[in-house]
Each structure stands twice: as C-alpha cells, then as structure tokens.
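Listed below are the residues making up each chain.
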Amino acid sequence: MTSMSSRLLVPAVLAAALAACGGSNDGDNVAAEADRAGESAVQMPASDAPVAAGAAVMLEPTEGNQTRGELRFAAVGDRIEVTGTISGLPGNSTHGFHVHETGDCSAPDATSAGGHFNPASTDHGRVGQGEHHAGDSDNITADADGNATVQGWLEGATVGDGAATDIVGKAVIVHADEDDYATQPTGNAGDRLACGVIAAR
Ligand SMILES: [Cu+2]
Ligand SMILES: [Zn+2]
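Please read these numbers as outputs of a predicted model, since none were measured by experiment. (Residues numbered from 1 in each chain as written. Chains lettered and ligands numbered in written order. Predicted model: local features only at pLDDT ≥ 70, side-chain atom pairs only at ≥ 80, totals over all residues. Heavy atoms only, no water.)

Brief notes about the nonpolar core
Alright, step 1. If you look at the biggest cluster of nonpolar residues, it comprises 26 residues, and the most contacted ones within it are Leu71, Phe73, Ile86, Phe97, Ile167 and Val172.
Alright, step 2. Put simply, the parts of the chain that give this core at least two residues each are strand E1 (54–61), strand E2 (68–76), strand E3 (79–87), strand E4 (94–100), strand E6 (148–155), strand E7 (171–175) and strand E8 (192–197).
Alright, step 3. Those residues within four positions of Ile86 in sequence are excluded, and the remaining contacts are Leu59, Thr67, Arg68, Gly69, Leu71, Phe97, Ile140, Gly146, Asn147, Ala148, Val150 and Val174.
Alright, step 4. Membership of the second largest hydrophobic core comes to five residues, among which are Ala113, Ala171, Ile173 and Cys195. (Core = buried A, V, L, I, M, F, W, Y, C linked by side-chain atoms within 4.5 Å. Buried < 20%, exposed > 50% of the residue type's maximum accessible area, 1.4 Å probe, protein only. Helix = DSSP H or I, 4+ residues; strand = E, 2+ residues; numbered from the N terminus. Contact = heavy atoms within 4.5 Å.)

Below, the structure written as structure tokens:
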C-alpha cells in the first residue's frame, strides 16, 4: 500500500475498504472479532439427529489363503448395499459371498461362522429372485490380478437396529467356488477363503 498521507482525500467508502483489507483500523478489527465471537457462540443443533445406518467388515484370510478385503454396508431403502474391494483371489474367478449367522472367524477354516444368515428360515437362493436367505448376495468376480470390486446387496436384512435381521455382529464369508443359487442350504460354494465380523460404524 502506498503512503496513507497521499490518500487523505479518497472517498470514505474506499478508505473503509482499505482499512478492512489492511487491518490498520484497530476499532474495526475489535468489532469484527466481536462479531465472530457472537457467531461461534450460536447454539449448534442437537447432535443426536439420526444418521444413515451403516456397518463395515475387514475380511482376513483363512488358513492357507491370501484373500482379504474391506467392505461397507449401507441401508438404502429396504435393501442393504454392499460395496468394497477384495484382493488375493485367483485370477478371473467367481466366488460365493454371504453373510453368515455367527460372528466368529476363529476356526482356521472359518467354519465357526456357521451357515448363511437366515432369520426368516427361508431356503437358500439368489437375492432379488424369489426365496433366499437374508445373508445371500450375488457372486463376486475377480479380475486377472485377483481383485474384485464388490457392488452387491442384501434383502431381508437390516443394519444396526438390533432386530433379528440385524447384520451387525454377523460374519461375512468369501468362498472358494461360485454359488449356484440353488443347492441347499449352501449354494455349493465350497471352502471359506476369508472371514470377517461386521461392526457398526
Ligand atoms: Cu457363505
Ligand atoms: Zn444362502
């Protein structure tokens, strides 16, 4: 800024603008500080407003396998959308993928996770096509590098509401083979490559 003494005759509006930019007017700065303090003191809305229900799972390999991944579950309408990535699969392969009834991955082969999550006591099948388990989701497909992008969904399940249909605390299993959506009660999807327990988030 040039010498203030040469600008004594500038219009008052411009002088005020310069003061605001330059911060040379202590009186204005004090007033501005007071305004900011007033704004920050305004009460924020109560923070207990409902947020979208969601959960997540970290999948870890079972004994002798390398399959792992991270998935998220989000309630969208009356479905649960499942998104995430899984790695360490054989290249260009297809695998059954379900929520299982017991949140216990402690067995080396993850059989501790039990059968498919089935709170409605229905037959195994394919989500969106007639009768199926609440834990049934479509097969996942790995690319040539063994990575799969998951964009599946569940029907008949809920997230975080504590109901019998709640998937929080249940397990997710990635299988060695593809689900045929027909064989009872497993879809004949074979061994368990990875397991994780679903946690609310
Ligand atoms: Cu399964
Ligand atoms: Zn099933």
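Picking up where we left off.
Overview of the coordination of the zinc ion (ligand 2)
Alright, step 1. In this structure, His116 (ND1), His124 (ND1), His133 (ND1) and Asp136 (OD) serve as the protein donors to the zinc ion (ligand 2), at separations of 1.9 to 2.0 Å.
Alright, step 2. Given four donor atoms and angles of 103 to 117 degrees at the metal, the environment of the zinc ion (ligand 2) is assigned as tetrahedral.
Alright, step 3. Read in sequence order, the donor residues for the zinc ion (ligand 2) give the motif H-x7-H-x8-H-x2-D. Linking His116 in the loop between E4 and strand E5 (136–141) with Asp136 in strand E5, this pair joins segments that are 20 residues apart in sequence.
Alright, step 4. A relative accessible area of 7% means that His116 is categorised as buried. (Donors = N, O, S within 2.8 Å, 3.2 Å for Na, K, Ca; no water. Tetrahedral: all angles 85-135°; square planar, octahedral: opposite > 155°, others 65-115°.)

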